[in-house]
Amino acid sequence: MSQEREGQPTGFSFTEQEQLYDRISHARFLALVQQPDIVVHEVKEDGNSFGEYLFVTLGSPSEPGKLLTFWGLGYHEYRERWITDTWEWYTDYLMAKRQNRVPKDDALSQIKEREDDVKANASPADQSRRAQLYELVADLTDDDGALTELEDLENLGWMFLGDDEDEGGE
């Protein structure tokens, strides 16, 4: 997947656990961005099915044709919590992004600015039972799978998923 040059990792070098979950820590993400052979192609705030995040697209000359887009530093609506310490990624097939290049200092500045904004606004919130169940299922499968599973359960009449009344009854 990647090589090493003079003791330095090159390209996208992930541990087995990182590959399994397509997730890395914030510190690991910053180290990856700062690798000499990693190119930053895009940094932007945007949304996906789960919330609004910072999206960062990276490439490496040692792995031509491969772009990874990382997303983090945002609020996950289904988990009902702020994502501040991890980044997830997906393979990006929009090769037009390869033409873009963002200077690393600019990219790191944008990441730091977003991190400061998110951490200033992130407050611990009590998750609903639905969010707790979503997070459990998502951690066992993935976010898309968890969303589908909960929608299926709700369609089958599992009404408690959106019900946060006291468990003691009426």
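Further up the page is the structure itself.
Residues numbered from 1 in each chain as written. Predicted model: local features only at pLDDT ≥ 70, side-chain atom pairs only at ≥ 80, totals over all residues. Heavy atoms only, no water.

### Description of the sheet that holds strand β3 (residues 23-25)
- Pairing is antiparallel across the open sheet formed by 5 strands, whose spatial order is β3-β7-β6-β5-β4. The sheet is open, and its two edges are formed by β3 and β4 (39-48), each paired on a single side. This sheet shows a mean twist of 25° between the axes of neighbouring strands, independent of strand direction.
- In this sheet, strand β5 (residues 51-59) lies alongside β4 in antiparallel orientation, the contact comprising 9 bridges. If you follow Asp46 over to β5, its bridge partner there is Tyr53. (Pairing = 2+ DSSP bridges. Helix = DSSP H or I, 4+ residues; strand = E, 2+ residues; numbered from the N terminus. Axes fitted to C-alpha atoms, helices over the stretch in contact; angles between N-to-C directions.)

### What about helix α5 (residues 143-155)?
- Spanning 13 residues, α5 covers 18 Å between terminal C-alpha atoms, matching the ideal 18 Å at 1.5 Å per step.
- Residues of α5 that are buried in the fold lie against β6 (67-76), β7 (81-92) and α4 (129-140).
- Positive backbone phi, approximately 100°, marks Gly157, located one or two places after α5. (Expected span 1.5 Å × (residues − 1). Contact = heavy atoms within 4.5 Å.)

### Structural notes on the nonpolar core
- Counting residues in each nonpolar core, the largest one holds 20 residues, and the members touching the most others are Phe29, Val56, Leu58, Phe70 and Trp87.
- If you list the elements that add at least two residues to this core, you get α2 (26-34), β4, β5, β6, β7 and α3 (104-121).
- Ignoring any residue separated from it by four or fewer positions in sequence, one finds Leu58 in contact with Phe12, Phe29, Leu32, Val33, Ile38, Val39, Val40, His41, Lys66, Leu67, Leu68 and Phe70.
- Tyr53, Trp71, Val137 and Leu150 belong to the second largest nonpolar core, which has 11 residues in total. (Core = buried A, V, L, I, M, F, W, Y, C linked by side-chain atoms within 4.5 Å. Buried < 20%, exposed > 50% of the residue type's maximum accessible area, 1.4 Å probe, protein only.)

The analysis is restricted to geometry; functional conclusions fall outside its scope.
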